[in-house]
Amino acid sequence: FDTSMALADSADVVAPADLQYVASSLMPSIVSKNSSVSFSVDLMNNGGATVFITPGSSFITFTDGVNVYTAYVDGERSDRALPGLNTIWFRSVVVRDAFATGDYTPSVHIAGMENGIAFAADPAVTDGVSVQEPSQLAINSIDIIPSNRMTADQSQARLGLVRVENNGAAMVRLDSL
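Residues numbered from 1 in each chain as written. Predicted model: local features only at pLDDT ≥ 70, side-chain atom pairs only at ≥ 80, totals over all residues. Heavy atoms only, no water.

S.K.: Tell me what's going on with the overall build of the chain, and back it up with residues and numbers.
M.R.: Across its full length, the chain carries zero helices and 16 strands. In terms of C-alpha radius of gyration, the chain reaches 26 Å, well past the compact-globule figure of 16 Å for 177 residues. Seen through its principal axes, the chain has C-alpha atoms that stretch 115 × 40 × 25 Å. Counting the 177 residues in the chain, one finds 30% classified as buried. Excluding contacts between residues fewer than 6 apart, the proportion of contacts in the chain whose partners are at least 24 apart in sequence is 66%. Accessible surface, the chain as shown: approximately 11,300 Å² in total, 52% of it carbon and sulfur. In the chain, the 9 positive side-chain charges and the 19 negative ones have mean positions that sit 19 Å from each other. (Helix = DSSP H or I, 4+ residues; strand = E, 2+ residues; numbered from the N terminus. Rg over C-alpha atoms; globule rule 2.2 N^0.38 Å. Buried < 20%, exposed > 50% of the residue type's maximum accessible area, 1.4 Å probe, protein only. Contact = heavy atoms within 4.5 Å. Areas by Shrake-Rupley, 256 points an atom, 1.4 Å probe, with all protein chains shown as cover. Lys, Arg positive; Asp, Glu negative; His and termini not counted. Charge placed at Lys NZ, Arg CZ, Asp CG, Glu CD.)

Take a look at the structure:
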């Protein structure tokens, strides 16, 4: 009877996953009510193990006390957190029009599997998101230059001067009219 044992296999032992929020990485930091928003955050995995993220159990959320914004991880863009720096993307969700304007600190929850074992972390987000009123564009006037009078069948070039005003809170980038 032989009681000796030979170890032919080896095992890699790594430090467990340790997800930490990277300061100033919450994007976007300003959102408008009634707009569809897809947030992203950077998380540093200071451990040596990869976390395989479960999208339906991992989310970003914040509340004004009445209304709640919750968006789950976009599994097509963010399915794992490798050791080192990771950008985690969340699905696009509308910020309800009833949401109160103001500044809020979101919470992030990441759940999944680490080396075949259930994993969950709530990295502390140190940045806020500001909810503002949406932009509201109004056309104040339209002028034809060089004059507002034209004769039928004229071929002279004319320019249009359109005066637009933003009566809302959100900034607007106007590319064309």
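S.K.: Any details on the pairing of strand 4 (residues 40-45)? Residues and values, ideally.
M.R.: Among the six residues of strand 4, five are classified as buried, and the element is accordingly described as predominantly covered. Direction of pairing for strand 1 (residues 19-21) relative to strand 4: antiparallel, over a ladder of three bridges. Across the sheet, Q20 pairs through a bridge with M44, a residue of strand 4. (Pairing = 2+ DSSP bridges.)

S.K.: So, the packing of aromatic side chains: which residues are in play, and what are the values?
M.R.: This structure, assessed with the given rule, holds seven aromatic pairs. Taking 5.4 Å as the distance between ring centres and 85 degrees as the angle between the ring planes, the aromatic pair formed by F39 and Y69 counts as edge-to-face. Remark: Y69 occurs in strand 7 (residues 68-72) and F39 occurs in the loop between strand 3 (36-37) and strand 4; sequence separation between them is 30 residues. Each member of the pair F39 and Y69 is classed as buried. A centroid spacing of 6.1 Å and a plane angle of 20 degrees characterise the contact between F62 and Y104, whose relative ring orientation is stacked. Pair noted here: F62 is in strand 6 (residues 59-63) and Y104 is in strand 11 (residues 102-104), with a separation of 42 residues, a long-range link. Exposure remark for F62: the relative accessible area of 4% places this residue in the buried category. We classify Y104 as buried; its relative accessible area is 13%. Taken together, the ring pairs in this structure connect F39, F62, Y69, F99 and Y104 into an aromatic cluster. Residue placement shows R77 over the ring face of W89; its charged tip is 3.7 Å from the ring centre. (Phe/Tyr/Trp six-rings, centres within 6.5 Å; stacked < 30°, edge-to-face > 60°. Lys NZ or Arg CZ within 6 Å of the ring centre and 35° of its normal.)

S.K.: With reference to specific residues and values, describe the sheet that holds strand 9 (residues 84-89).
M.R.: Pairing in this open sheet of three strands is antiparallel, and the strands run 1-4-9 from one edge to the other. Either end of the sheet is taken by a strand with one partner, and the two such strands are strand 1 and strand 9. Each neighbouring strand pair of the sheet contributes to a mean axis angle of 35 degrees, computed without reference to strand direction. Inspection of the sheet shows strand 4 paired to strand 9 by six bridges, in the antiparallel sense. Following the sheet pairing, S40 is matched in strand 9 by W89. (Axes fitted to C-alpha atoms, helices over the stretch in contact; angles between N-to-C directions.)

S.K.: Residues and numbers for the pattern of salt bridges, please.
M.R.: Per the counting criterion, the structure on display carries two salt bridges. Across the pair E133 and K33 runs a salt bridge whose closest N-O atoms are separated by 3.0 Å. Note that E133 is positioned in the loop between strand 14 (129-132) and strand 15 (137-145) and K33 in the loop between strand 2 (30-32) and strand 3, a separation of 100 residues in sequence. The exposure class of E133 is partly exposed, given its relative accessible area of 34%. Of the charged contacts in the structure, one is a salt bridge between R80 and D79, with a shortest N-O distance of 3.4 Å. Taking relative accessible area as the criterion, R80 reaches 37% and is therefore assigned partly exposed. (Salt bridge = Lys/Arg side-chain N within 4 Å of Asp/Glu carboxyl O.)

S.K.: Pulling in residues and values, what's your account of the side chain of H109?
M.R.: As for its position among the elements, H109 is in strand 12 (residues 107-114). At 2.5 Å, the side chain of H109 and the side chain of D122 are in polar contact. For H109, the contacting residues outside a window of four places in its chain are S57, S58, F59, A120, A121 and D122. (Polar contact = N/O pair within 3.5 Å; in protein donor to acceptor, adjacent residues only side chain to side chain.)

S.K.: How would you sum up the nonpolar core? Please name residues and give values.
M.R.: Counting residues in hydrophobic clusters, the biggest one holds 29 residues, and the most contacted among them are F39, I60, Y69 and F90. Listed by contribution, the elements that provide at least two residues to this core are strand 1, strand 4, strand 5 (51-53), strand 6, strand 7, strand 12, strand 13 (117-121) and strand 14. In contact with I60, not counting residues within four places along its chain, are L26, F39, V41, Y69, T70, A71, F90, P106, S107 and V108. (Core = buried A, V, L, I, M, F, W, Y, C linked by side-chain atoms within 4.5 Å.)

Read these as spatial facts, not as claims about activity.
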